[in-house]
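# Commentary on secondary and tertiary structure
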Amino acid sequence: MSSASGSPGPAAGRPRVRMTGAQRRRQLLDVGRELFAERGYEATSIEEIAARADVSKPVVYEHFGGKEGLYAVVVDREMQQLLDRFAAALSTGGHPRQLTERAALVLLDYIEEETDGFRVLARDSPVAGTEGGFSSLISEVASKVEHVLAENFALRGYDPRLAELYSQALVGMVALTGQWWLDTRSPDKREVAAHLVNLAYNGLSHLDPEPRLVDPR
């Protein structure tokens, strides 16, 4: 039976699945993640989110206050998951080259295993005041890499205050390559990681302590 507007409700034709509040929240987060990855924030509507979750719009508002609130929690959840992976990979220590390899593979593994999550993060936040997005991700990961570089710089006689600059450059290089690999998926991720480490580590191992531009301008 159609509603007065002529359109069936979200649960029309099948029984509604009963969930606890926590289960419903997780479901809406998963649905939002999927839609934001497919269509982007602007092109995704509350109506679509509710329909795919098989709930009414007020349920989405009840849990998140609207699309902006849902988007913010999706981004925060994905950022935390990826940062936890980086923290685990770098926490056991090791040779700087091994740490660089681990960091590159963490991102490529995440892209392969959590493609929707990375697609959401790779779009800088379109919502004013929302923490997160690609630039914030790079800064957060770079802060975890910075202390590793600072220790290495100090041992080699380089200015450890430059570790912040180099960590931003390294993480940015890996993250942008990850964006490219997201769609190509070729070559294999381990080969991509090997090339990234080749450029990064061999460059770091032969740093000029006082670099100068060769162009006189």
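This write-up is about the structure you can find in this document.

About the cut-offs
- Every chain's residues receive numbers from 1 upward, in the order its sequence appears when written.
- The predicted origin of the model limits local features to residues at a pLDDT of at least 70 and limits the giving and counting of side-chain atom pairs to 80 or more, whereas totals for whole chains, interfaces and linings rest on all residues.
- Values shown for side chains rest on all heavy atoms present in the structure; no hydrogens or waters enter the calculation.
- Here a strand is any run of E in DSSP of at least two residues, a helix any run of H or I of at least four, and the numbering for each starts at the N terminus.
- In this analysis, two residues are considered to be in contact whenever any of their non-hydrogen atoms come within 4.5 Å of each other.
- Residues belong to one nonpolar core when they are buried, are Ala, Val, Leu, Ile, Met, Phe, Trp, Tyr or Cys, and are joined through side-chain atoms within 4.5 Å.
- Classification of residues uses two cut-offs on accessible area relative to the type maximum, computed with a 1.4 Å probe and protein chains only: under 20% is buried, over 50% is exposed, and between them is partly exposed.
- The span one expects for a helix is its residue count, reduced by one, times 1.5 Å.
- Two axes are fitted around each residue, one to the seven residues ending there and one to the seven starting there, and the angle between them is reported as the bend at that residue.
- Axis angles are defined between N-to-C directions and span 0 to 180 degrees, where every axis is a line fitted to C-alpha atoms and, for a helix, only to the segment in contact.
- To sort the angles, those under 35 degrees are grouped as roughly parallel, those over 145 as roughly antiparallel, those from 65 to 115 as roughly perpendicular, and the leftovers as oblique.
- Each crossing gets its hand from how the near helix is turned against the far one by less than a right angle, where anticlockwise is left-handed and clockwise is right-handed.
- As a working rule, the residues Ala, Val, Leu, Ile, Met, Phe, Trp, Tyr, Cys and Pro are called nonpolar, Asp, Glu, Lys and Arg charged, and the rest polar, with Gly in that last group.

You can see Thr-100 is positioned in helix α5 (residues 96–113). Apart from the residues lying within four places of it in its own chain, the contact partners of Thr-100 are Val-197 and Ala-200.

What follows covers the nonpolar core. In terms of nonpolar packing, the biggest core is built from 61 residues, with Leu-28, Phe-36, Ile-49, Leu-82, Leu-107 and Phe-118 touching the most fellow members. Here the element with the most residues in this core is helix α4 (residues 67–91); it accounts for 10 residues. If sequence neighbours within four positions are ignored, Leu-107 has contacts with Leu-82, Phe-86, Phe-118, Val-174 and Ala-175.

This part covers helix α7 (residues 134–156). Look at α7: 32 Å from first C-alpha to last across 23 residues, which is about the 33 Å you get at 1.5 Å a residue. The axis of α7 is deflected most strongly, by about 30 degrees, at Val-145. Those residues of α7 that fall on the buried side of the exposure criterion are Phe-134, Leu-137, Ile-138, Val-141, Ala-142, Val-145, Val-148, Leu-149, Asn-152 and Phe-153. One or two steps after α7, the chain reaches Gly-157, where phi turns positive at roughly 85 degrees.

Relative to each other, α7 and helix α8 (residues 163–184) sit at 130 degrees, their axes nearing to 7 Å. When the axis of α7 is compared with that of α8, the two are oblique. Considering the relative orientation of α7 and α8, their crossing is right-handed. Across from Phe-134, Ile-138, Ser-139, Val-141, Ala-142, Val-145, Glu-146, Leu-149, Ala-150 and Phe-153 in α7, the residues of α8 making contact are Ala-163, Glu-164, Tyr-166, Ser-167, Gln-168, Leu-170, Val-171, Gly-172, Ala-175, Leu-176 and Gln-179. Here the residues of the contact of α7 with α8 are counted per class, giving 14 nonpolar, five polar and two charged.

Another aspect to go through is the packing of α5 against α8. One can describe the packing of α5 onto α8 by two numbers: an axis separation of 10 Å at closest approach and a directional angle of 30 degrees. If you check the angle between α5 and α8, you find them roughly parallel. Between α5 and α8 lies a crossing of right-handed hand. Across the interface between the two elements, Ala-104, Leu-107, Leu-108, Ile-111 and Glu-112 from α5 touch Val-174, Ala-175, Gly-178, Trp-181 and Leu-182 from α8. A class-by-class count of the residues in the contact of α5 with α8 yields eight nonpolar, one polar and one charged.

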